[in-house]
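Structural features, examined
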Amino acid sequence: MSHYDVIVIGAGPAGSRVAYKMTETGRNVAVLERHQTAGGKKCCTGIIGKECVDLFDITGSCILREAKSAKLYAPSGEFLRVNKDDVQAYIVDRAAFDRCLAEKAAAAGAVYLTNTFVNDISVSGEGVEITVSRQGNEEVLTAEVVVIAAGFASKLPQKLGLGHIKDFTVGAQAEVEAHGIDEVEVYCSQKIAPGFFAWLVPISQNRARVGLCAYERPGAYLREFAALLASEGKISADTLSISYGGIPLKPLAKTYTNRVLVVGDAAGQAKPTTGGGIYYGLLCADIASQTIQQAFAVNDFSRRRLSQYEKLWKKKLGRELQIDYFARRLYRRLSDKRINDIFSIIRDNNIHQSLLNSSSMSFDWHGELILDGLKRLDPWRQLIGRYIPAYISKALRHTPPHPPGSPS
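Quick caveat, the model's predicted, so the values are computed rather than measured.

1. Focus: the overall build of the protein chain
Helix and strand content of the protein chain: 12 helices and 19 strands. Scaling as 2.2 N^0.38, a compact globule of 408 residues should have a C-alpha radius of gyration of about 22 Å, and the protein chain matches this with 22 Å. Reported as C-alpha extents along the three principal axes, the dimensions of the protein chain are approximately 65 × 50 × 35 Å. In the protein chain, which comprises 408 residues, the share counted as buried stands at 54%. Element-wise, carbon and sulfur atoms account for 47% of the exposed surface of the protein chain, whose accessible area totals about 18200 Å². Looking at charge distribution, the protein chain has the averaged site of its 50 positive side-chain charges lying 6 Å from that of its 42 negative ones.

See below:
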């Protein structure tokens, strides 16, 4: 039986970040990964903001290209082009990105146990026992603290009484041959991607990722979307090798209990607007690491002590996620005709350029941008006014004391 200070379940970005931070403080850490290699989530656009790249010192070796602009398509086919002179985001090789974070943690001393399946987990006053299957054998590992970073599909939080993610969508994506695509394209249409949007993301001179999210039948919708793009000469899509992935739209009811924290997609720490979870997962990984280190300092791993983690990450992200979720629910209610109307108003009033130049503009923090947009879009308030809940109306009347992403 092997014992560790900290066991991390899942070798995605959030899991490897926790492993690195805890190993950096001298803790004995093991990372359990059911796949043969670390991370490598396939259904991911791989777009991360410049703020994330700079803050977490992400190496250029996994970056495929820069992104300064995007085209946003209305159902009518009309598009708005948004661009800035400076780089706003980077498109990464997701498998290489995950490996980079894992290699950094391993170099610091974390032990990676791949091809390892978690069969059971039990928590007591003495520690945590994890029963795993590895190389055809069953083993029992023990730890003082466990961090669950096993992604959206993990059943471990529910097993531990932390509930389950109640609102989610499913992403479908394929890599295709592309023709003359040099910037990100986003398609807003309930016919193409009901309740969400579709994307075409260039990753090299002649390759792109095509995908969408939908609440049902995402694969069927993706095939129809790819056929549309092929008919326009943008891609070649004779056969699609589609990968799928669940994307949380609301956080887990509870992200801590005795000796256990939940981080990343498993905790629902993703943007409801875009489904992106890398940056928020990394931010919460650091908060989790800080909380655990403080628990070790006083040798107290109780629910009460670890509750600090949820207080801190909600202070950082709670309001943002709440506003973003409102925007997602509002969008789901809009017909394609309403979406076309909104695009026309934005174009006619040059609102997209005004927002690009506003202080609320941020690739990673959408809440203030959404509120700023609602303030500017008076002509169509009557289209959505009845859907605006009290907390959004209140937020529209108050300006936060600091810009998105700044220290509080």
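2. Concerning the environment of L222
Mapped onto the fold, L222 is located in helix α5 (residues 218-231). As for L222 and V147, which are separated by 75 residues in sequence, their C-alpha atoms are 34 Å apart. Beyond its immediate stretch of four places on either side in the chain, L222 contacts A172, Q173, A174, V210, G211, L212, L240 and I242.

3. Re the sheet that holds strand β3 (residues 47-49)
Here we have 3 strands laid out as an open sheet, ordered β3-β7-β4, and antiparallel in their pairing. Each edge of the open sheet carries a strand with a single partner, namely β3 and β4 (63-67). The mean inter-strand angle of the sheet, taken between neighbouring strand axes irrespective of direction, is 30°. Across 3 bridges, the pairing between β3 and strand β7 (residues 89-92) is antiparallel. Pairing of I47 across the sheet is with I91, part of β7.

4. Some words on the pattern of salt bridges
A complete count under the given rule lists 19 salt bridges for this structure. For D98, the salt bridge identified is with R94, shortest N-O distance 2.8 Å. With D98 and R94 both in helix α3 (residues 94-108) and 4 residues apart, the pair spans about one turn of that helix. Under the relative-accessibility criterion, D98 is labelled buried at 1%. Taking relative accessible area as the criterion, R94 reaches 9% and is therefore assigned buried. Note that D120 is salt-bridged to K159, the shortest N-O span being 3.1 Å. One end of the pair, D120, is in strand β9 (residues 116-124); the other, K159, is in helix α4 (residues 156-159), and 39 residues separate them in sequence. The network of salt bridges with common partners includes K71, R81 and E183.

5. Description of the side chain of R328
Relative to the assigned elements, R328 resides in helix α7 (residues 303-333). Among buried Asp, Glu, Lys and Arg side chains, R328 stands out as unpaired, with D167 the closest opposite charge at 8.4 Å. Side-chain polar atoms of R328 contact the backbone oxygen of P272, separated by 2.9 Å.

6. Some remarks on the confidence of the model for the protein chain
Of all residues in the protein chain, 91% have pLDDT values of 70 or greater, and the mean over the chain is 90. Taken together, the stretch residues 399-408 has pLDDT below 50 and engages in 11 contacts with residues farther than four places along the chain or on a different chain.

7. Focus: the pairing of strand β6 (residues 79-83)
Along any regular strand the residues' side chains alternate between the sheet's two faces. The two faces of β6 differ: L80 and V82 on one face are buried, but F79, R81 and N83 on the other face are not. Pairing geometry for strand β5 (residues 69-73) and β6, over 5 bridges, is antiparallel. Along β6, the bridge assignment pairs L72 with L80.

8. A word on the side chain of H366
Structurally, H366 can be placed in the loop between α9 (351-356) and α10 (367-376). Overall, the relative accessible area of 11% leaves H366 in the buried class. Only 2.6 Å separates the side chain of H366 from the side chain of T273, close enough to count as a polar contact. In contact with H366, other than residues within four places in its own chain, are K271, T273, T274, E320 and D324.

9. Describing the environment of R27
Structurally, the position occupied by R27 is in the loop between α1 (13-24) and β2 (29-32). Separated by 83 residues in the primary sequence, R27 and A110 have C-alpha atoms spaced 8.8 Å apart. Ignoring anything within four residues of it in the chain, the contact list for R27 reads D5, M22, Q293 and F296.

10. Quick look at the packing of helix α6 (residues 278-298) against α7
At a minimum axis separation of 8 Å, α6 and α7 run at an interaxial angle of 160°. The pairing of α6 with α7 is recorded here as roughly antiparallel in orientation. Handedness of the crossing formed by α6 with α7: right-handed. Judged by residue contacts, Y280, L283, C284, I287, A288, Q290, T291, A295 and V298 of α6 engage R305, L306, Q308, Y309, L312, W313, K316, L317, E320 and L321 from α7. Looking at side-chain class alone, the contact of α6 with α7 contains 13 nonpolar, 3 polar and 3 charged residues.

Rules and cut-offs
- Residues numbered from 1 in each chain as written.
- Predicted model: local features only at pLDDT ≥ 70, side-chain atom pairs only at ≥ 80, totals over all residues.
- Heavy atoms only, no water.
- Helix = DSSP H or I, 4+ residues; strand = E, 2+ residues; numbered from the N terminus.
- Rg over C-alpha atoms; globule rule 2.2 N^0.38 Å.
- Buried < 20%, exposed > 50% of the residue type's maximum accessible area, 1.4 Å probe, protein only.
- Areas by Shrake-Rupley, 256 points an atom, 1.4 Å probe, with all protein chains shown as cover.
- Lys, Arg positive; Asp, Glu negative; His and termini not counted.
- Charge placed at Lys NZ, Arg CZ, Asp CG, Glu CD.
- Contact = heavy atoms within 4.5 Å.
- Pairing = 2+ DSSP bridges.
- Axes fitted to C-alpha atoms, helices over the stretch in contact; angles between N-to-C directions.
- Salt bridge = Lys/Arg side-chain N within 4 Å of Asp/Glu carboxyl O.
- Polar contact = N/O pair within 3.5 Å; in protein donor to acceptor, adjacent residues only side chain to side chain.
- pLDDT = per-residue confidence, 0-100.
- Parallel < 35°, antiparallel > 145°, perpendicular 65-115°, else oblique.
- Left-handed = near helix turned anticlockwise from the far one by under 90°.
- Nonpolar A, V, L, I, M, F, W, Y, C, P; charged D, E, K, R; others polar.

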